[in-house]
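Examination of the molecular architecture
Here is what each chain is made of, one letter per residue.
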Amino acid sequence: MSKNLLRQAQFLLSAHRLDQSPADSGVEVAFVGRSNAGKSSVINTLTGRRNLARTSKTPGRTQQINYFSLDERRRLVDLPGYGFARVPPSMKTHWFKTINAYFERRRSLAGLVLIMDVRRDPGEEDLQILEWCRAVDLPVLILLNKADKLSYGAARQRLLAVQAGLAGDGRSLQLFSAKTRAGLDEAAGIVLDWLAVENGEA
Ligand code: GDP
């Protein structure tokens, strides 16, 4: 399947609650990450669209699940970020419940891209998400974004350190830069594989 599919991404709808999501058919790939890790930038780089996923630094707006359609059967999903400095407990609970329910119930979900800042260790929420994915056997691609902020050697070291910390687990983990597009072909290849699988087109 070609990268052009990703370039067809168009905003579909925002869901505040899971039941406001589009019909759970076809196949979708979701993106999640701590605020400021570069989730919006990664989505925009993968789709070749500068402003598709918009950055929001206001916690109030981060609760939404944003759906983008690629074609009639395939979607990308921008899940709410986490890790904002001042978030009321009620909002944290809402995030927790929404994301958990999304992973547990969403049948069309074929894979998750977890975005982390290469310079930070996985946080509590990152680990929680990985645990949920393991529980439902969902494939995960971890992108260590902002690799351009480190030297090549330092970035490689971070990759190995995070890999060791996560105890392997058969997950894909790679360096990425939304700025320089390093790692773009590999990441796009995995996302496209996931999008094709349910349709027998892989
Ligand atoms: P989000 O909150 O996870 O959606 O993060 P954004 O995509 O809004 O990115 C947060 C900040 O990091 C912005 O200022 C981006 O320009 C910057 N950023 C994102 N990805 C990269 C990257 O790969 N390299 C560098 N140097 N900066 C990045």
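Going by the structure above, here's the rest.
What you see is a predicted model; the values in this text were computed from it and never measured. Each chain has its residues counted from 1, following the order in which its sequence is written. Given that the model is predicted, a residue must reach a pLDDT of at least 70 before its local features are reported, and side-chain atom pairs must reach 80 or more before they are shown or counted; all residues, however, enter totals for whole chains, interfaces and linings. Hydrogens and water molecules were not included; the side-chain quantities draw on all heavy atoms of the structure.

**Observations concerning the pattern of salt bridges**
- Any Lys or Arg side-chain nitrogen found within 4 Å of a carboxyl oxygen on Asp or Glu counts as a salt bridge. Under the criterion given, the structure shown has eight salt bridges.
- Among the ionic pairs, glutamate 28 bridges to arginine 106, the shortest N-O distance being 2.7 Å. Highlighted residues: glutamate 28 in strand 2 (residues 27–33) and arginine 106 in the loop between helix 3 (89–105) and strand 5 (109–117), separated in sequence by 78 residues. Grouping residues by exposure puts glutamate 28 and arginine 106 together as buried.
- Within the structure, one salt-bridge network assembled from shared partners comprises Asp24, Glu28, Arg75 and Arg106. Secondary structure elements follow DSSP: runs of H or I no shorter than four residues count as helices, runs of E no shorter than two count as strands, and numbering proceeds from the N terminus. Exposure is judged per residue with a 1.4 Å probe applied to protein chains only, and the accessible area is read against the type maximum: over 50% gives exposed, under 20% gives buried, and values in between give partly exposed.

**A closer look at the side chain of arginine 75**
- With respect to the helices and strands, the residue arginine 75 is situated in strand 4 (residues 74–78).
- Its relative accessible area of 6% is what places arginine 75 among the buried residues.

Such coordinate-based values are descriptive only and should not be taken to indicate function.
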